[in-house]
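The lines below spell out each chain.
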Amino acid sequence: MSALDREDLHDMLVRIDERVKAIQEDIREINEARSCVGHDVKIRSLERMVWGCVVGMAGMGARLVMDAFGR
């Protein structure tokens, strides 16, 4: 894995982290608002997006580690 690929992956991880933080803030705002069925659906959707981003970040991190020690 070249340095450019690692830099691209690092930049991608940073962008994903920023999106996760933004989604968490959206969830916080929704939780502060009145609870209703519509908000419950939004919260579930946002939580799924956050967990998807976390899994993606973990996968890319594992790939970086494997590439670093595999070569």
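Data block above holds the structure.
Sequence order sets the numbering: in each chain, residues are counted from 1 along the sequence as written. Whole-chain, interface and lining totals are the exception, using all residues; otherwise, since this is a predicted model, local features are given only for residues with pLDDT of at least 70 and side-chain atom pairs are given and counted only at 80 or more. Water and hydrogen atoms were dropped before computing side-chain values, which therefore reflect all heavy atoms in the structure.

Q: Which parts of the structure should I look at to understand the overall build of the protein?
A: Numbered from the N terminus, helices here are DSSP runs of H or I no shorter than four residues, and strands are runs of E no shorter than two. Scanning the protein from N- to C-terminus turns up two helices and zero strands. For a compact globule of 71 residues, the expected C-alpha radius of gyration is about 11 Å, and the protein comes in at 16 Å, more than 25% above that figure. Principal-axis analysis of the C-alpha atoms gives the protein an extent of 55 × 15 × 10 Å. Think of it in three bands: with a 1.4 Å probe and only protein chains considered, a residue is buried below 20% of the maximum accessible area for its type, exposed above 50%, and partly exposed in between. Residues classed as buried in the protein amount to 21% of the 71 residues present. Each radius of gyration is computed over the set of C-alpha atoms, and the globule rule expresses the reference value as 2.2 Å times the number of residues to the power 0.38.

Q: Looking at this structure, how should I read the pattern of salt bridges?
A: Between Lys or Arg on one side and Asp or Glu on the other, a salt bridge is scored when a side-chain nitrogen of the former is within 4 Å of a carboxyl oxygen of the latter. If you walk through the whole model with that rule in mind, you get three salt bridges. Residue Lys21 is joined to Asp17 by a salt bridge in which the shortest nitrogen-to-oxygen separation is 3.5 Å. Of this pair, Lys21 and Asp17 both sit in helix α1 (residues 3-32), four residues apart, which is roughly one turn of the helix. Here Arg63 makes a salt bridge to Asp67, at a shortest N to O gap of 3.8 Å. With Arg63 and Asp67 both in helix α2 (residues 37-70) and four residues apart, the pair spans about one turn of that helix.

Q: Explanation requested: the environment of Arg15 in the structure shown.
A: Structurally, Arg15 is set in helix α1. As a C-alpha pair, Arg15 and Leu46 span 31 residues in sequence and 17 Å in three-dimensional space.

Q: Explain a negative patch on the surface here, please?
A: The patches described consist of residues with a relative accessible area above 30% and no salt bridge, like charges being joined within 9 Å and nonpolar side chains (Val, Leu, Ile, Met, Phe, Trp, Tyr) within 5 Å. Residue exposure ignores everything except the shown protein chains as possible cover, and the areas themselves are Shrake-Rupley values with a 1.4 Å probe. The charge count includes Lys and Arg as positive and Asp and Glu as negative, but it does not include His or the ends of the chains. Charged side chains are reduced to one point each, which is NZ for Lys, CZ for Arg, CG for Asp and CD for Glu. The grouping of Asp5, Glu7, Asp8 and Asp11 at the surface amounts to a negative patch. Position of Glu7 relative to the elements: it lies in helix α1.

Q: Whenever I open this one, α2 confuses me. Can you help?
A: Structurally, the α-helix is built with 3.6 residues per turn, so residues lying three or four positions apart point the same way. To estimate the expected span of a helix, count its residues, drop one, and scale the result by 1.5 Å. With 34 residues, α2 extends 49 Å between its outermost C-alpha atoms, agreeing within 8% with the 50 Å of an ideal straight helix rising 1.5 Å per residue. Residues of α2 that are buried: His39, Ile43, Leu46, Val50, Cys53, Met60 and Asp67.

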